[in-house]
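Spelled out, the chains give:
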Amino acid sequence: MTTEVGKRCSLVFLLALLSVQLGGVACEDLRKLKVSDWWEKSGFYQIYPRSFKDSNGDGIGDLKGITQKLPYLKSIGVKAFWLSPIYKSPMADFGYDISDFRDIQPEYGTLEDFKVLKAEASKLGLKLVMDFVPNHSSDEHEWFVKSENREAGYEDYYVWHDGKPGNNPNRNDPPNNWLEAFKGSAWKWSEKRKQYYLHQFHFKQPDLNYRNSKVVEEMKSVLRFWLDLGVDGFRIDAVNWLFEDLQFRDEPTSGVSTDPLMPDYLNHIYTRDMPETTDMVYQWREVMDEYKKQHGGDTRVIMTESWSSLSVVATYYQDANKRQGSNMPFNFQLILNLNKNSKASDFKRVIESWLNIVPDEQHVANWVLGNHDQRRVASRMGGEHMADLMAMVGLSLPGVSVTYQGEEIGMTDYEVSWQDSKDPAACQTSPTEYQKYSRDPARTPFQWDRTTKAGFTSGSTTWLPINPNYVTVNVETEEKTSNSHLKVFKRLMELRDESIFHDCLYGIFAVEDNIFGIVRTTTPLYEEPVYLTLINIANKAVNVTHENIYKGFTNKFTADMKVSVASVSSKRSEGDSVNLKNLELQPYEGLVLRAAGTVWVLSKLLLLLMIFAMLFLQ
């Protein structure tokens, strides 16, 4: 009897010891994640409505066209989409100059079309996010017309100033040296009011005055109007421009530009990132949270656009008192700090810089590769071959992914001629310099198929020219091709639905100049297999060894792995075996590899041992 008890105790002790050893491996390197809300594990997709899909042949995308293509969004795995402005507008800045915040631009459709779009999106399980443009309106908005006429209650809806005495006997000079975001003075003289108004963008976009409580409440009511129509959140445009210096002081020169009319000539310390801005974001967050409490349903999110320093952007998450702000302060670090000349160490540094500002486990990171204001990711990073590699990076990292339309099929910029240019940022310059400022190359129509006009429209013209490469780079062709950018993207989105991509980022690493890697697993490590993303950003083959890949990850997983996703530039296919003891990555090859972790394998042995023990002890 004593021998039997001793035998049992020895086995129980052994099992307990093994369990402790296996269960003690945790996500100790970068960060654990607590993903629970719908948006925290979603892929978001940006639609530039004017260029997505035209339903009536006028060469301009519209709401009915978007509705027609919702099944496509569902098929590529995104969970939400946000629309660049569709509000009523004179289109001086293609929708960012809004003449009615509660109506739809006629060339895009009607409010009824919007309701149909929202209803169809809901049927497919897709969330709809609106673009909210709070900094300014159009000068054709009734608020501005009333303010310019000094109508009671509207006198201070905008930022007005008498100016300062100068050499002109008929009117004062502008109040200061502030410059608009495109080119020239940020002040425009009103003959009616005999004052200057501030416009930090186009002169037809006068700045609203957020020091006026009526304006604050007016814009909150705009949010509630669209919430009542069922929208699931807002992307807030140009948030860091909301407030300006009360003393209207001149801004110092930056030393960056020699042209006194260009915005980068000044250091914008009095017109951007004023401390009052974050409080306004917190107030908008309160509107979202209150609406959920009153009406139920899922969280309504806010995403904020600010191209500010990381220290400033971090304040949009929450303040020192844990007051909550933006769900997603947009992360533009991959746009601002990576290009075709970047090294693997730059990828690591840039990604870590963002992870370091995410406050805690209650907040998630987000990764934005491109948008309507920037050159497309493939062009920016050196060519179509980089589309897959950047998608692998963005979709292998923890948090929210944001994809700009066309990135999933590898669309590239098309250099629009001066004659065809539409962007005011370019048109206010000259034929010799417009390409440096034009946003048109990334706004060309979406490429659906290889028919005339790329399947974008049935009409004979398009508002911007279509990239001639549409005959090969288009959805239809890539759907039929065995290995395409679109299929790589879809497979990556499928992987993101696995729990492993919502739990832990085990680590990121760089191997010399050209190999960048991401390790994803769960907590604790033995519960699931491990995923390893590897990209070669060099135009040459690079040998990678087990030792330099796993430096810092020793014994965390095995050298034998299977290909889950391979880039178009790879000769490998899904399911191929890869041994990391000596792996050669081809030029611009990207792989997402899967293997059972060393500890995961041992845990299966432990399970067998436990079964054997139970049988033995019976």
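For clarity, every value in this text was computed on a predicted model and none was experimentally measured.

### Observations regarding the overall build of the protein
Line of reasoning, step 1. The secondary structure content of the protein amounts to 17 helices and 22 strands.
Line of reasoning, step 2. Split into buried and exposed, the 618 residues of the protein put 58% on the buried side.
Line of reasoning, step 3. If you take every contact in the protein between residues at least 6 apart in sequence, the share linking residues at least 24 apart comes to 69%.

### So, the nonpolar core
Line of reasoning, step 1. Counting residues in hydrophobic clusters, the biggest one holds 116 residues, and the most contacted among them are Tyr-45, Tyr-72, Leu-73, Phe-81, Tyr-210 and Trp-284.
Line of reasoning, step 2. If near-sequence neighbours (up to four positions away) are discounted, Phe-81 is found in contact with Tyr-45, Ile-47, Leu-70, Leu-73, Leu-117, Ala-121, Leu-126, Lys-127, Leu-128 and Val-129.
Line of reasoning, step 3. Ile-515, Leu-532, Leu-534 and Ala-595 belong to the second largest nonpolar core, which has 22 residues in total.

### Looking at the side chain of Glu-478
Line of reasoning, step 1. Along the chain, the position of Glu-478 falls in helix α14 (residues 475–480).
Line of reasoning, step 2. Ignoring anything within four residues of it in the chain, the contact list for Glu-478 reads Glu-408, Ile-409, Thr-472, Val-473, Ser-484, His-485, Leu-486 and Lys-487.

### A word on the pairing of strand β22 (residues 590–595)
Line of reasoning, step 1. Where burial is concerned, most of β22 is hidden: five out of the six residues are buried.
Line of reasoning, step 2. As paired strands, strand β17 (residues 530–536) and β22 are joined by six bridges and run antiparallel to one another. Residue pairing in the sheet places Thr-533 in a bridge with Val-592 of β22.
Line of reasoning, step 3. With four bridges connecting them, strand β19 (residues 560–566) and β22 associate as antiparallel partners. Paired with Val-563 across the bridge in β22 is Leu-593.

### Some thoughts on the sheet that holds strand β13 (residues 366–368)
Line of reasoning, step 1. Pairing within the open sheet is parallel, and its eight strands lie in the order β12-β11-β10-β6-β3-β2-β14-β13. Whereas interior strands pair on both sides, the edge strands pair on one side only; in this sheet they are β12 (328–329) and β13.
Line of reasoning, step 2. Helix α6 (residues 213–228) rests against β6 (127–132) and β10 (233–236) of the sheet, and its axis sits at about 155° to β6.

### Focus on helix α7 (residues 276–295)
Helical geometry: 3.6 residues make up each α-helical turn, so side chains three or four residues apart lie on a common side.
Line of reasoning, step 1. Between its first and last C-alpha, α7 extends 29 Å over 20 residues, near the 28 Å set by a 1.5 Å rise per residue.
Line of reasoning, step 2. Residues of α7 that are buried: Thr-277, Thr-278, Met-280, Val-281, Tyr-282, Gln-283, Trp-284, Arg-285, Val-287, Met-288 and Tyr-291.
Line of reasoning, step 3. Tucked into the core, α7 has its buried residues touching β6, α6, β10 and β11 (301–304).
Line of reasoning, step 4. Where α7 ends, the next residue or the one after it, Gly-296, has phi of about 75°, a positive value.

### Observations regarding the packing of aromatic side chains
Line of reasoning, step 1. Using the criterion set out here, one finds 36 aromatic pairs in the structure.
Line of reasoning, step 2. Here the aromatic rings of Tyr-45 and Phe-52 are separated by 6.3 Å at their centres, their planes lie at 70°, and the arrangement is edge-to-face.
Line of reasoning, step 3. Looking at Phe-52, the relative accessible area reads 0%, which means it is buried.
Line of reasoning, step 4. Between Phe-52 and Trp-448, the ring centres sit 5.2 Å apart and the planes meet at 75°, which makes this aromatic pair edge-to-face.

### Re the pattern of salt bridges
Line of reasoning, step 1. A full pass over the atoms with the stated rule returns 32 salt bridges.
Line of reasoning, step 2. We note a salt bridge from Glu-286 to Arg-323, for which the minimum N-O separation is 3.1 Å. Taken as a pair, Glu-286 in helix α7 and Arg-323 in the loop between α8 (310–313) and β12 lie far apart in primary sequence, 37 residues in all.
Line of reasoning, step 3. Its relative accessible area of 34% is what places Glu-286 among the partly exposed residues.
Line of reasoning, step 4. For Arg-375, the salt bridge is made with Glu-415, and the minimal N-O distance between the two is 2.5 Å. Highlighted residues: Arg-375 in the loop between β13 and α11 (377–380) and Glu-415 in the loop between β14 (400–404) and α13 (424–427), separated in sequence by 40 residues.
Line of reasoning, step 5. Exposure remark for Arg-375: the relative accessible area of 24% places this residue in the partly exposed category.
Line of reasoning, step 6. On the basis of relative accessible area, Glu-415 is assigned to the partly exposed category, the value being 38%.
Line of reasoning, step 7. Each of Asp-93, Asp-373, Asp-423, Arg-439 and Arg-443 takes part in a single network of salt bridges with overlapping partners.

### Section: unusual backbone geometry
Line of reasoning, step 1. For Met-91, which is not glycine, the phi dihedral falls at a positive 70°.
Line of reasoning, step 2. Not every positive phi belongs to a glycine, and Lys-453 is a case in point at roughly 65°.

### Comments concerning the sheet that holds strand β9 (residues 195–198)
Line of reasoning, step 1. Pairing within the open sheet is antiparallel, and its three strands lie in the order β7-β9-β8. The open sheet has two edge strands with one neighbour each: β7 (160–161) and β8 (187–190).
Line of reasoning, step 2. Pairing of β7 with β9 involves two bridges; the strand directions are antiparallel. For His-161, the partnering residue across the bridge sits in β9 and is Tyr-196.

### With respect to the packing of helix α12 (residues 386–396) against helix α15 (residues 485–496)
Line of reasoning, step 1. Running from N to C, α12 and α15 cross one another at 10°; their axes reach a closest spacing of 10 Å. As summarised for this structure, α12 and α15 are arranged roughly parallel, according to the angle between their axes. Note on element contacts: α15 touches α12 through His-485, Val-488, Phe-489, Leu-492, Met-493 and Arg-496, opposite Ala-387, Asp-388, Ala-391, Met-392, Gly-394 and Leu-395.
Line of reasoning, step 2. Partitioning the contact of α12 with α15 into residue classes produces eight nonpolar, two polar and two charged.

### Some words on the packing of α6 against α7
Line of reasoning, step 1. One way to put it is that α6 packs onto α7 with a least axis distance of 11 Å and a crossing angle of 35°. Here α6 runs over α7; the crossing is right-handed. Between α6, through Val-216, Lys-220, Leu-223, Arg-224, Leu-227 and Asp-228, and α7, the contact on the second element is made entirely by Met-280, Gln-283, Trp-284, Val-287, Met-288 and Tyr-291.
Line of reasoning, step 2. Class assignment for the residues of the contact of α6 with α7 results in eight nonpolar, one polar and three charged.

### Let's talk about α6
Line of reasoning, step 1. Helix length check: α6, at 16 residues, gives a terminal C-alpha distance of 23 Å against a target of 22 Å (1.5 Å per residue), a fit within 8%.
Line of reasoning, step 2. For α6, the full list of buried residues reads Val-215, Val-216, Glu-218, Met-219, Lys-220, Val-222, Leu-223, Trp-226 and Leu-227.
Line of reasoning, step 3. Measuring from the backbone nitrogen of Lys-214 back to the side-chain oxygen at the start of α6 gives 2.9 Å, which picks out Asn-212 as the cap.
Line of reasoning, step 4. Gly-230, located one to two residues past α6, shows a positive phi value of around 100°.

### Some thoughts on the pairing of strand β18 (residues 542–545)
The side chains of a regular strand alternate, first on one face of the sheet and then on the other.
Line of reasoning, step 1. By the alternation rule, side chains of β18 split into Val-542 and Val-544, which are all buried, and Asn-543 and Thr-545, of which none is buried.
Line of reasoning, step 2. One ladder, built from four bridges, connects β18 with strand β21 (residues 582–585); its direction is antiparallel. Note on β21: the bridge partner recorded for Val-542 is Leu-585.

### Considering the side chain of Glu-218
Line of reasoning, step 1. Assignment of secondary structure puts Glu-218 in helix α6.
Line of reasoning, step 2. Filtering out sequence-adjacent residues up to four positions away, Glu-218 remains in contact with Arg-102, Trp-143 and Tyr-157.

### Some remarks on the environment of Glu-244
Line of reasoning, step 1. Its location among the elements puts Glu-244 in the loop between β10 and α7.
Line of reasoning, step 2. What makes Glu-244 buried here is its relative accessible area of 7%.
Line of reasoning, step 3. Residues Glu-244 and Thr-277, spaced 33 residues apart in sequence, show a C-alpha to C-alpha distance of 9.6 Å.
Line of reasoning, step 4. When sequence neighbours within four positions are dropped, the list of residues in contact with Glu-244 reads Val-159, Trp-178, Leu-198, Gln-200, Asp-207, Arg-211, Tyr-270 and Met-274.

Each value, and the rule that gives it
Residues numbered from 1 in each chain as written. Predicted model: local features only at pLDDT ≥ 70, side-chain atom pairs only at ≥ 80, totals over all residues. Heavy atoms only, no water. Helix = DSSP H or I, 4+ residues; strand = E, 2+ residues; numbered from the N terminus. Buried < 20%, exposed > 50% of the residue type's maximum accessible area, 1.4 Å probe, protein only. Contact = heavy atoms within 4.5 Å. Core = buried A, V, L, I, M, F, W, Y, C linked by side-chain atoms within 4.5 Å. Pairing = 2+ DSSP bridges. Axes fitted to C-alpha atoms, helices over the stretch in contact; angles between N-to-C directions. Expected span 1.5 Å × (residues − 1). Phe/Tyr/Trp six-rings, centres within 6.5 Å; stacked < 30°, edge-to-face > 60°. Salt bridge = Lys/Arg side-chain N within 4 Å of Asp/Glu carboxyl O. Parallel < 35°, antiparallel > 145°, perpendicular 65-115°, else oblique. Nonpolar A, V, L, I, M, F, W, Y, C, P; charged D, E, K, R; others polar. Left-handed = near helix turned anticlockwise from the far one by under 90°. Polar contact = N/O pair within 3.5 Å; in protein donor to acceptor, adjacent residues only side chain to side chain.

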